[in-house]
Amino acid sequence: STEEVLDFAKASTKTLTLLLGSIQVFVLVFFLFGTTYSPEDYSPSEYQVFRDIMVMLLLGFGYLMTFLKKYGLGAVGLTMMLTVIAILLNVPVELFCRFLFGEKEDTSFPLPLKVPTFVDGEFSAATLLISYGAVIGRASPVQLVVMAICQSFFYAFNKVVIVLGFLGAEDVGGSMTIHMFGAYFGLAVSKALGPPKVSSSSNAEPSQVSDVFALIGTTLLWVYWPSFVGATETGVSLNENVCVIHTVMALLGSTIASFYLSQKLGHGKLDPVHIANSTLAGGVAVGSSARLAMTPGGAFLLGMAAGVVSVYGYKYSTPKLEEKFGIYDTCGVGNLHGWPSVLGGLLSIVFVAMNSDAEFLNHEALTQCVAQFLAVLSTVAIAASTGYVTGKVMMKTVGEAPDEYDDSLWWEGEYFEAEEKKEKV
Amino acid sequence: STEEVLDFAKASTKTLTLLLGSIQVFVLVFFLFGTTYSPEDYSPSEYQVFRDIMVMLLLGFGYLMTFLKKYGLGAVGLTMMLTVIAILLNVPVELFCRFLFGEKEDTSFPLPLKVPTFVDGEFSAATLLISYGAVIGRASPVQLVVMAICQSFFYAFNKVVIVLGFLGAEDVGGSMTIHMFGAYFGLAVSKALGPPKVSSSSNAEPSQVSDVFALIGTTLLWVYWPSFVGATETGVSLNENVCVIHTVMALLGSTIASFYLSQKLGHGKLDPVHIANSTLAGGVAVGSSARLAMTPGGAFLLGMAAGVVSVYGYKYSTPKLEEKFGIYDTCGVGNLHGWPSVLGGLLSIVFVAMNSDAEFLNHEALTQCVAQFLAVLSTVAIAASTGYVTGKVMMKTVGEAPDEYDDSLWWEGEYFEAEEKKEKV
Amino acid sequence: STEEVLDFAKASTKTLTLLLGSIQVFVLVFFLFGTTYSPEDYSPSEYQVFRDIMVMLLLGFGYLMTFLKKYGLGAVGLTMMLTVIAILLNVPVELFCRFLFGEKEDTSFPLPLKVPTFVDGEFSAATLLISYGAVIGRASPVQLVVMAICQSFFYAFNKVVIVLGFLGAEDVGGSMTIHMFGAYFGLAVSKALGPPKVSSSSNAEPSQVSDVFALIGTTLLWVYWPSFVGATETGVSLNENVCVIHTVMALLGSTIASFYLSQKLGHGKLDPVHIANSTLAGGVAVGSSARLAMTPGGAFLLGMAAGVVSVYGYKYSTPKLEEKFGIYDTCGVGNLHGWPSVLGGLLSIVFVAMNSDAEFLNHEALTQCVAQFLAVLSTVAIAASTGYVTGKVMMKTVGEAPDEYDDSLWWEGEYFEAEEKKEKV
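Residues numbered from 1 in each chain as written. Chains lettered and ligands numbered in written order. Predicted model: local features only at pLDDT ≥ 70, side-chain atom pairs only at ≥ 80, totals over all residues. Heavy atoms only, no water.

Q: I'm lost on the overall build of chain A in this one. Help?
A: Regarding its fold elements, chain A presents 14 helices and 2 strands. Here the C-alpha atoms of chain A give a radius of gyration of 21 Å, agreeing with the 22 Å that 2.2 N^0.38 yields for 425 residues. Expressed as lengths along the three principal axes of its C-alpha atoms, the size of chain A is roughly 70 × 60 × 40 Å. When each of the 425 residues of chain A is scored for burial, the buried share is 68%. Here the contacts in chain A between residues at least 6 apart in sequence split such that 84% fall between residues at least 24 apart. Carbon and sulfur atoms make up 64% of the accessible area of chain A, which totals about 13800 Å². (Helix = DSSP H or I, 4+ residues; strand = E, 2+ residues; numbered from the N terminus. Rg over C-alpha atoms; globule rule 2.2 N^0.38 Å. Buried < 20%, exposed > 50% of the residue type's maximum accessible area, 1.4 Å probe, protein only. Contact = heavy atoms within 4.5 Å. Areas by Shrake-Rupley, 256 points an atom, 1.4 Å probe, with all protein chains shown as cover.)

So, in structure tokens, the structure goes:
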């Protein structure tokens, strides 16, 4: 009831105020005393890449998650909050991880702030939003802020210290460091949160309008995905070019394969969930290998496989995770980001082997293949274990919510009261 | 009823599976064995143009067609499917047409894949989506895939072999090869499909929400249109500049003229159809002449004329086509893409004559004028005849649909059943 | 009732036709005889900036204002109309103002038209749309066109002749010339229009769907804001870079501060109005100082302050303006654009003092500080006085509307009649 909701919101505002306040003070001090201007040259392309990825975060991820008919404000609004927190925290945390790992060139202090610094922040935000997708509608804002704080460390540790640092794996477009980490972190958090309330299950459905909103996210993610995959190659003309071509081919592959399989499994009817999500699986899978000479046909084939894996994931993996493991995945991030990134990560072994003389690789052929394999293993392991711990911490922060998947828990709006009256009648 | 719908979907899934499966195998083989990397330099501008046009296709055209209150998933979702099929098929088909016509420089095999190759694919997708607009809500996914396959050949033949090849006409922004071809092809398909069911007419209406969704498409098309018109001039600084200036002036002209005329004809009330569509007519009309010295004022005047022609088209041409010719045009593509492109194509004769010494023209003054005129004629003739044949082929593929303009025919969703129950009560 | 609405629309169409017709004739003559091509070099970045700001105008401002549940067509549709009128009128009017002020380099006639000419037009459109936000749903299309015509002069006079001309103030991102002018002009117009009808107050509310539409505007404005602030520095690499960095930091600051304060004031619940608007306040405030060495931390702090000022504005300033001054502000532009721009304008005095040796400043330290202060004063004074006069002129044009905040007044649509029937039952 309305009163219960108000009490619950009131009970959590103290913690939320403290957390958001602390973050603000911490990053303000860091940016005031820990950053400076970069003496390096600036290229407008850097900003364009930053801007394109920002479209993917605020609108792409934000609207993709609006498919829940009663959680549109939470989807877009809390996406804004989480994105901003992730970017702000990532700058000091990644700097700290680079200190830990001891790469000399990137650890100058105060940090010379450049647009690519923010792009790194966007990558961490993408990872957080993927995890958010697993628990959207169920984790409260307080819990989400806790998740953002914890993940900012674990994400940076896995990426900077382990995958790119110690292992020297190839992962230009973040299949492993971003999609895989975000998905399994989120699923582990969800495991820790436990099953959703039975009474809220009707809220978790889409409406036709909310499904059309969700496709805003899908289509924007599709369009700007090549900017994401090629982001760190900005200015390196040849690599940029192959990243774009491979990403486009992979997305074309996952899109046509998703339509093919969705109507086949649905006996002539398409499932909006597959079309909104699995069409993008090629972009997830291509990330690790995008600047390798995987050939356009190879990227297309990988994309098709990713689309197939993703659609089958929605059909078979989601119910199994719920029934056997008690893991509830609101947006199906395990199917869009999880399985396709595992596929892409493992197949990067093949592409690395085929292109072992690429100058940007860190090891000779066999070692690099092993590094790719270990990067998959360690990312899944670190994500799942730190995610589970994070979820347990999140469970300590606020009591049980009176309802789920419902904006009226966390947002003011006279229309919520009107709606409630209507439902009572 | 629900059962009828399920039976219809089941009956068509066999053909759809075969068609989508065959396309996938064909393009996979082509891209694996028929393409290679381009040794040429890459410029980030190429990708930016590709990306901008992709926004126009997936979001611009996709959301522009969401005005049908019950067909939002079909508008955006099937737009994704058709766009991807068109791009994938266009690459081998256009290569084949260049072989036919025998231009030496573009026929190397395996084809060196560049981002502009995909941009050509986007042009064919735009053409297909225009045709889709004429039959949206009525043609089934199976029929649409048949349309996509057939049009990929006819479109490429008209553009590569006839208009730009044999005739050497000037059409930098595709008024003729894209808008005119897409519109008359779609109208001819619609003629072949016959009249819509009377019982479905209430589905074909907009709602206030679906009209606001449609304006997402309008505004995005407006914003990115200059990228479309100037796409092939990327990197040719002077031409890019005049293409942008002329396209903006033309859009400003069609927008203000559409508002002027719509409220005048509506006695003080604006028609959402005019504002969603006719405002863009300037972009359609300016395509043929955009890199000629048409002057900013000339482009503005052309845009105003295109807006006027388009609004009058919705008022007079649409009812006449329905009553006298049995041609039903769901989105009114004849008014947004048809008449304005005829206007733009014919007026390109004037602008060519005024600027006959432009170095990029293929002929001396009089011959070029004749070429422009013949390009209009042949485009309309080829589009209408091949479109009609395509429509007849489409009619052979699946039986009569139990309903029209309704997502529940082709999409799964519990909300459809809830909706049906509500309507019964 | 429907008849009253039809009569009102009919009564105003004569004036609207005359106004829109005159504008078309005037600008057509100007562009035909008063403009020419620019011999200068063109850079693709110019178009990209134009395009990004166009996204902000047509989609950003347009959808931000769709939060009114019954005024979505008016929000997006009339935004298109006003944007186009503002751009078209700004070109001749600003040229005229430059003649008045006598800057030699920019007054060549016929005017060499470049893409940056349109960018100046976009700035005037942004100003007009801010003013529109204050009176949306209440001013009729006729009144809005009158407002557009009047403001085009007053805006250009304040910007070209006073702030940047006579005073030589620093305002690279338009905190004063755009946001402050637009906000106080709009509030003054609203004062002149008087209070809204009591009977229409239920129309002025949002729905959950309209709030989700509004966030499309918010997120797009967020993403493209750095293009807006750095627009005039396109090509000046160093300034572009700091403009981007400062704008991003300011937006990060206002976003996190808005979430912090909104849930605090709402006892754990977020107010969609704050999240849709105040999150952007950092972008408003940073405009005056963005290319000064304000440091990343300084920009973040300014953004946080702007977010706080904006949220408090919605809580305290809006009710006070309504009750004490009879000023009704539909979108709360006084809180998003007004207070934050005053904050940013006044703090630009500090940043100018800290960075007084910047080569782009027009005066030595103390004089420049005084210029900044006088620019704030004169902008508020000119905007408020000319806005009030404009509002009075607007009141002379059409009679009292039968209703407010309702698309059915100005748009055709069968769904309006269906809606009306439903409400009667």
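Read on for the rest.
Q: Quick question: what am I supposed to make of the relation of the copies chain A and chain C here?
A: Copy one and copy two of the chain differ by a rotation about an axis and a translation along that axis. For the pair chain A and chain C, the superposition axis carries a translation of 0.0 Å, the fit reaches an RMSD of 0.0 Å, and the rotation angle comes to 120 degrees. Both copies are brought into coincidence by an operation consistent with a three-fold rotation axis. Interface residue correspondence from chain A to chain C reaches only 10%, placing this contact among heterologous pairings that use different surfaces. (Least-squares fit on C-alpha atoms with pLDDT ≥ 70 in both.)

Q: Please clarify how the environment of L19 of chain B should be interpreted in this entry.
A: Residues and elements named next belong to chain B. Locating L19 in the fold gives a position in helix α1 (residues 2–34). For the pair L19 and S131, spaced 112 residues apart in the sequence, the C-alpha separation amounts to 19 Å. Residues contacting L19, with those up to four places away along its chain left out, are V142, V145, V146 and I149.

Q: I keep staring at the interface of chain A and chain C and nothing clicks. Help me out?
A: Interface size, as often reported, equals the accessible area lost upon joining of the parts. In this assembly, 59 residues from chain A lie in contact with 58 residues from chain C. Taking both partners together, chain A and chain C bury about 5100 Å²; carbon and sulfur atoms supply 73% of that area. In this assembly, chain A and chain C are joined by 1 salt bridge. Close ionic contact of D52 of chain C with R51 of chain A constitutes a salt bridge, the shortest N to O distance being 2.5 Å. Of all the secondary structure elements, the ones that give two or more residues to the side of chain A that touches chain C are α1 (2–34), β1 (35–37), α2 (44–64), α3 (72–101), α4 (115–135), α7 (208–229) and α14 (414–424) of chain A. In terms of residue count, the dominant contributor to the side of chain A that touches chain C is α1 of chain A (15 residues). Of the residues belonging to the side of chain A that touches chain C, the class tally is 42 nonpolar, 10 polar and 7 charged. (Buried area = accessible area lost by both parts, 1.4 Å probe. Salt bridge = Lys/Arg side-chain N within 4 Å of Asp/Glu carboxyl O. Nonpolar A, V, L, I, M, F, W, Y, C, P; charged D, E, K, R; others polar.)

Q: Before we go on, may I ask you to explain the relation of the copies chain C and chain B in this structure?
A: The transform that puts chain C on chain B rotates by 120 degrees and translates by 0.0 Å along the axis, for an RMSD of 0.0 Å. Different-surface contact between copies: only 10% of interface residues of chain C are shared with the interface of chain B.

Q: Just checking my understanding: could you explain the packing of helix α8 (residues 237–265) of chain C against helix α11 (residues 296–325) of chain C for this structure?
A: Helix-helix packing is described using two parameters, namely the angle between the two axes and the distance between the axes. Residue and element names in this part refer to chain C. For the pair α8 and α11, the least separation of the axes is 6 Å and the interaxial angle reads 40 degrees. Between α8 and α11 lies a crossing whose hand is right-handed. A breakdown of the residues in the contact of α8 with α11 according to their chemical character gives 15 nonpolar, 7 polar and 1 charged. (Axes fitted to C-alpha atoms, helices over the stretch in contact; angles between N-to-C directions. Left-handed = near helix turned anticlockwise from the far one by under 90°.)

Q: What's the story with helix α7 (residues 208–229) of chain B in this structure? I'm lost.
A: In an α-helix, one full turn covers 3.6 residues, which means residues spaced three or four apart are oriented alike. Residues and elements named next belong to chain B. With 22 residues, α7 extends 31 Å between its outermost C-alpha atoms, agreeing within 8% with the 32 Å of an ideal straight helix rising 1.5 Å per residue. The largest bend in α7 comes to about 45 degrees, at V223, with the proline P226 one to four residues further on. Among the 22 residues in α7, 21 count as buried, and that is most of the element. (Expected span 1.5 Å × (residues − 1). Bend = angle between axes of the 7 residues up to and from the residue.)

Q: Could you clarify how one ought to interpret a nonpolar patch on the surface in this entry?
A: Residues and elements named next belong to chain A. On the surface, a nonpolar cluster with roughly 530 Å² of combined accessible area is contributed by L346, L366, V370, F373, L374 and L377. At 5 residues, the largest contribution of residues to the nonpolar patch is made by helix α13 (residues 365–395). Position of F373 among the secondary structure elements: in helix α13. The class for F373 is partly exposed, based on a relative accessible area of 39%. (Patch = residues over 30% accessible without salt bridge, like charges linked within 9 Å, V, L, I, M, F, W, Y side chains within 5 Å.)

Q: Please explain the interface of chain C and chain B as it appears in this structure.
A: With 59 residues of chain C in contact, the opposing surface of chain B contributes 58 residues. Summing both partners gives a buried area of about 5100 Å² for chain C against chain B, and 73% of it is carried by carbon and sulfur. Put simply, chain C and chain B have 18 residue pairs in polar contact (both at pLDDT 80 or more) between them. Take the side of chain C that touches chain B: its biggest share by element is 15 residues, from helix α1 (residues 2–34) of chain C. Taken together, the residues of the side of chain C that touches chain B break down into 42 nonpolar, 10 polar and 7 charged. (Polar contact = N/O pair within 3.5 Å; in protein donor to acceptor, adjacent residues only side chain to side chain.)

Q: What is the right way to look at the pattern of salt bridges in this model?
A: Opposite charge on two side chains permits them to pair, given that their charged atoms come into close proximity. Scanning all chains against the criterion turns up 29 salt bridges over all chains. K69 of chain A is the partner of E205 of chain A in a salt bridge, and the nearest nitrogen-oxygen pair spans 4.0 Å. Of the two residues, E205 of chain A sits in the loop between α6 (175–193) and α7 while K69 of chain A sits in the loop between α2 and α3, which places them 136 residues apart along the sequence. Across the pair K197 of chain B and E400 of chain B runs a salt bridge whose closest N-O atoms are separated by 2.9 Å. Of the two residues, K197 of chain B is situated in the loop between α6 (175–193) and α7 and E400 of chain B in the loop between α13 (365–395) and α14 (414–424); the sequence distance between them amounts to 203 residues. For E400 of chain B, a relative accessible area of 66% gives the class exposed. Each of the salt bridges in this network shares a partner with another, and the network as a whole consists of R51 and D52 of chain A, R51 and D52 of chain B together with R51 and D52 of chain C.

Q: Any chance you could explain the packing of aromatic side chains here in plain terms?
A: Within a pair of aromatic rings, the relevant descriptors are the distance that separates the centres and the angle that separates the planes. Evaluated as defined, the whole model comprises 36 aromatic pairs over all chains. Relative to F228 of chain A, the ring of F123 of chain A has its centre 5.3 Å away and its plane inclined at 75 degrees; by these criteria the two rings are edge-to-face. Taken together, the residues span a long stretch of sequence, with F123 of chain A in helix α4 and F228 of chain A in helix α7 at a distance of 105 residues. Summarising the burial analysis for this pair, F123 of chain A and F228 of chain A share the class buried. With a centroid separation of 6.4 Å and an interplanar angle of 55 degrees, the aromatic rings of W225 of chain B and F228 of chain B are classed as tilted. Note that W225 of chain B and F228 of chain B are positioned in helix α7 at a spacing of 3 residues, about one turn of the helix. For the pair W225 of chain B and F228 of chain B, a shared accessibility class is recorded, and that class is buried. Every member of this aromatic cluster is reached through a ring pair, and the members are Y63 and F213 of chain A, Y63 and F213 of chain B together with Y63 and F213 of chain C. For the cation-ring pair, R51 of chain B lies above Y47 of chain B, with the distance from its terminal atom to the ring centre recorded as 5.7 Å. (Phe/Tyr/Trp six-rings, centres within 6.5 Å; stacked < 30°, edge-to-face > 60°. Lys NZ or Arg CZ within 6 Å of the ring centre and 35° of its normal.)

Q: What exactly am I supposed to notice about the environment of L144 of chain B here?
A: Residue and element names in this part refer to chain B. On the secondary structure map, L144 appears in helix α5 (residues 141–166). Under the relative-accessibility criterion, L144 is labelled buried at 0%. For the pair L144 and L82, spaced 62 residues apart in the sequence, the C-alpha separation amounts to 7.7 Å. Those residues in contact with L144 that lie beyond four places of it in its chain are L78, L82, Y132, V135 and A139.

Q: Got a minute to help me understand the side chain of T117 of chain A in this structure?
A: Considering the arrangement of structural elements, one finds T117 of chain A in helix α4. Leave out the neighbours within four places in its chain, and T117 of chain A touches V91, L111 and P112 of chain A.

Q: Explain the environment of A371 of chain A here, please?
A: Mapped onto the elements of the fold, A371 of chain A is located in helix α13. Each C-alpha atom of the pair A371 of chain A and E170 of chain A lies 8.3 Å from the other, and the pair is 201 residues apart in sequence.

Q: Any chance you could explain unusual backbone geometry here in plain terms?
A: Residues other than glycine predominantly adopt negative phi, and peptide bonds predominantly adopt the trans conformation. Residue and element names in this part refer to chain A. The omega torsion across F109 and P110 is -5 degrees, close enough to zero to call that bond cis. Assignment of secondary structure puts P110 in the loop between α3 and β2 (111–113). Located in the positive-phi region is Y405, a residue other than glycine, with phi close to 50 degrees. Along the chain, Y405 falls in the loop between α13 and α14.

Distances and angles like these do not, on their own, reveal function.
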